[in-house]
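Descriptive analysis of the structure
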Amino acid sequence: MQAKGEKRHLDRVAHKLLAPLLEEPYSARSGWRLMGYDAEQGISLFLEGHGRVLLMELDRRNETRDCYAHTALFNVVVRNYYAPRTPLTAMDHALTARLIKLIRHRERGIELPERPTTGRRSMVRLIEVDRLLVAEGFGQYYINPYVGCTIGCPFCWAAERADLSRHLEGLPRMGWGRYVDVKVNAPEILADEITGHPPGPVRFSPVVTDPYQPIERHHRITRRCLEVLEGSGFTPVILTRAARVLEDLPLLRRFSDALVGFSIPTDDDSVRRKFEPGADPIEERLNALAVLRNAGVATFALIQPVLPMDPERLITLLAPLVDTVRIDRLHLSSDTEASPAEASGALPAAEGNRLQRMLHEGLRAHGVAVDDMDLLNRPAPRERGHPPETED
Ligand code: SF4
């Protein structure tokens, strides 16, 4: 029997802020449509129109950070989702201006409350949600089976953005890795949602959670969501740091096109222990990739962040196990270019760049596609648009 959960206040806050947009997601006049939104890592709006997708993110207001604009509560970050390095067009700026005006008006009814204190060191909440599937692109989706991640990598860039959402909900501040929200009704909501959307890939790999973190053993939300997708035409795309994904291997094999990947940022487990102490050893992740591949499941790896390593050894280990690899330094938070290893002094920037080059060349020489992963190609936080200069 499904566990009972509490209704989440965050959903009411998001609705209050975005109500006009949610009630009328398509504007015939402008040609833009709100295709999806997410309130679990700040607020993210995915807007489709004129053949492209615009991603607008509302982060915690911080005037020292570069962004498109500030509102009373938020830093507004905007980019072309599929082409983050291309400048925004006049139509993009016009839409952004309208949305910023709406948010400035609506946020007057929202407050960031004084946060209660708590003596608790950790918190697991069972919650019931009214939405799960987020449309993030043309026929592309993601879901968060949980919010929060007890693997708790110190560099996880979701930490700060997820904390803004907890603040909007009036929850106490808790360290990243110490809380998880379990969406107990996620499979039922998903079953309903997929009837109203065209099939496509569904990422179980957003950064605000790991779908196979330890609590999955007890609640099996990820597994039950996979069961919902089986036979539906939707394709699961899973990214994890946990070998527990193998517990779902029989289920994953029943999809003709499931894609499963591991974050493997170094070949050296002593480095892993320093930077990802809560994650599975590197050897276990490599073994899991081998098992998946031998079972006929398509595999990939994400080398992100690039940590100190022997690149030739990592290339040799990974190349036989994956179809494709994505490499990125990753960023500590939304305003820094430094990777965790660089920031800790363990990996000077020049060395990071050298490692990236070696990985690119070495993996390609082994026939592995590199950075050719549209399904995981969320733009890095540094790619952001700015208002047209003439607006100043
Ligand atoms: S496993 Fe992923 S989601 Fe979890 S803390 Fe580490 S980087 Fe963040």
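To be clear, the structure that these remarks concern was listed above.
This write-up is about the structure you can find in this document. All figures in this text were calculated on a predicted structure; none of them were measured in a lab.

On to the overall build of the chain. Scanning the chain from terminus to terminus reveals twelve helices and 18 strands. Scaling as 2.2 N^0.38, a compact globule of 392 residues should have a C-alpha radius of gyration of about 21 Å, and the chain matches this with 21 Å. Along the longest, intermediate and shortest principal axes, the C-alpha atoms of the chain span 55 × 55 × 45 Å. Taking all 392 residues of the chain together, 58% fall into the buried category. Long-range pairs, those at least 24 residues apart, make up 74% of the contacts in the chain with a sequence separation of at least 6. In the form shown here, the chain has an accessible surface area of approximately 16,500 Å², with 50% of it arising from carbon and sulfur atoms. Across the chain, 51 positive and 55 negative side-chain charges occur, with their mean positions spaced 3 Å apart.

Moving on to the sheet that holds strand β12 (residues 179-183). Taken in spatial order, the four strands make up an open sheet running β1-β8-β12-β11, and their pairing is mixed. Bordering the open sheet on either side are β1 (6-7) and β11 (146-147), each of which pairs with just one other strand.

Their axes nearest at 9 Å, the elements helix α1 (residues 9-23) and helix α2 (residues 90-106) cross at an angle of 140°. Compared by their axis directions, α1 and α2 come out oblique. Like other packed secondary-structure pairs, α1 and α2 cross with a definite hand, here right-handed. Residues Lys 16, Leu 17, Ala 19, Pro 20 and Leu 21 of α1 touch α2, and the partners they reach there are Leu 99, Leu 102, Ile 103 and Arg 106. Here the residues of the contact of α1 with α2 are counted per class, giving seven nonpolar, no polar and two charged.

A word on the site of the ligand. Taken together, Cys 149, Ile 151, Gly 152, Cys 153, Cys 156, Trp 176, Val 207, Thr 209, Asp 210 and Arg 241 are the residues near the ligand. Across the shell around the ligand, the residue classes break down as six nonpolar, two polar and two charged.

Under the counting rule described, the total for this entry stands at 28 salt bridges. We note a salt bridge from Arg 125 to Glu 6, for which the minimum N-O separation is 3.8 Å. Of this pair, Arg 125 sits in strand β8 (residues 123-128) while Glu 6 is found in strand β1, placing the two residues 119 residues apart along the sequence. A residue is classified by how much of its surface remains accessible, and Arg 125, at 8% relative accessible area, is buried.

Quick look at the pairing of strand β13 (residues 201-204) now. Side-chain direction in a regular strand flips from residue to residue, so the side chains alternate between the two faces of the sheet. Residues Pro 201 and Arg 203 point to one face of β13 and Val 202 and Phe 204 to the other, with burial holding for every one of them. With two bridges connecting them, strand β10 (residues 140-142) and β13 associate as parallel partners. Counterpart to Tyr 141 in the pairing with β13 is Val 202. Relative to strand β14 (residues 235-240), β13 runs parallel, the two sharing four bridges. Bridging across to β14, Arg 203 finds its partner in Val 237.

Moving on, we get to empty space enclosed by the protein. Applying the stated criterion across every chain, the model contains six cavities of 30 Å³ or more. In this structure, the second largest cavity encloses a volume near 100 Å³. Lining the second largest cavity are 13 residues; nearest its centre among them are Asp 38, Glu 40, Arg 131, Val 134 and Lys 183. Broken down by class, the residue content of the lining of the second largest cavity amounts to six nonpolar, one polar and six charged.

A few words now on the sheet that holds β10. The eight strands lie next to each other as β9-β10-β13-β14-β15-β16-β17-β18, forming an open sheet whose pairing is mixed. At either end of the open sheet lies a strand with only one pairing partner, and these are β9 (134-137) and β18 (369-370). Inspection of the sheet shows strand β16 (residues 298-303) paired to strand β17 (residues 324-327) by four bridges, in the parallel sense. If you follow Leu 302 over to β17, its bridge partner there is Arg 326. Its contacts with the sheet put helix α12 (residues 349-365) on β16, β17 and β18, and the angle it makes with β17 is roughly 170°.

Relative to the helices and strands, Glu 128 is located in strand β8. Buried charge without a partner: Glu 128 forms no salt bridge, and the closest opposite charge is Lys 4, 4.2 Å away.

With that settled, the discussion passes to helix α3 (residues 158-168). Along an α-helix, residues three or four apart share an orientation, since each turn contains 3.6 residues. Among the eleven residues in α3, nine count as buried, and that is most of the element. Buried within α3 we find Ala 158, Arg 161, Ala 162, Asp 163, Leu 164, Ser 165, Arg 166, His 167 and Leu 168. At its buried positions, α3 is contacted by α1, β4 (43-49), β5 (52-60), β7 (74-80), β8 and β12. The positive-phi residue at the C-terminal boundary of α3 is Gly 170, with phi of around 80°.

What follows deals with the packing of aromatic side chains. In the structure shown here, the tally under the stated rule is six aromatic pairs. Measuring from centroid to centroid gives 5.7 Å for Phe 46 and Tyr 81, while their planes differ by 90°, and the two rings are edge-to-face. Linking Phe 46 in strand β4 with Tyr 81 in the loop between β7 and α2, this pair joins segments that are 35 residues apart in sequence. A relative accessible area of 0% places Phe 46 in the buried class. Taking 5.6 Å as the distance between ring centres and 55° as the angle between the ring planes, the aromatic pair formed by Tyr 141 and Phe 234 counts as tilted. Of this pair, Tyr 141 sits in strand β10 while Phe 234 sits in the loop between α6 (221-229) and β14, placing them 93 residues apart in sequence.

What counts, and where the lines are drawn
- Residues numbered from 1 in each chain as written.
- Predicted model: local features only at pLDDT ≥ 70, side-chain atom pairs only at ≥ 80, totals over all residues.
- Heavy atoms only, no water.
- Helix = DSSP H or I, 4+ residues; strand = E, 2+ residues; numbered from the N terminus.
- Rg over C-alpha atoms; globule rule 2.2 N^0.38 Å.
- Buried < 20%, exposed > 50% of the residue type's maximum accessible area, 1.4 Å probe, protein only.
- Contact = heavy atoms within 4.5 Å.
- Areas by Shrake-Rupley, 256 points an atom, 1.4 Å probe, with all protein chains shown as cover.
- Lys, Arg positive; Asp, Glu negative; His and termini not counted.
- Charge placed at Lys NZ, Arg CZ, Asp CG, Glu CD.
- Pairing = 2+ DSSP bridges.
- Axes fitted to C-alpha atoms, helices over the stretch in contact; angles between N-to-C directions.
- Parallel < 35°, antiparallel > 145°, perpendicular 65-115°, else oblique.
- Left-handed = near helix turned anticlockwise from the far one by under 90°.
- Nonpolar A, V, L, I, M, F, W, Y, C, P; charged D, E, K, R; others polar.
- Near = heavy atom within 4 Å.
- Salt bridge = Lys/Arg side-chain N within 4 Å of Asp/Glu carboxyl O.
- 1 Å grid on protein atoms, 1.4 Å probe; cavity = no way out; pocket = protein on both sides within 12 Å on 5 of 7 lines; lining within 4 Å.
- Points joined across faces, edges and corners; volume = space filled by probe spheres on them.
- Phe/Tyr/Trp six-rings, centres within 6.5 Å; stacked < 30°, edge-to-face > 60°.

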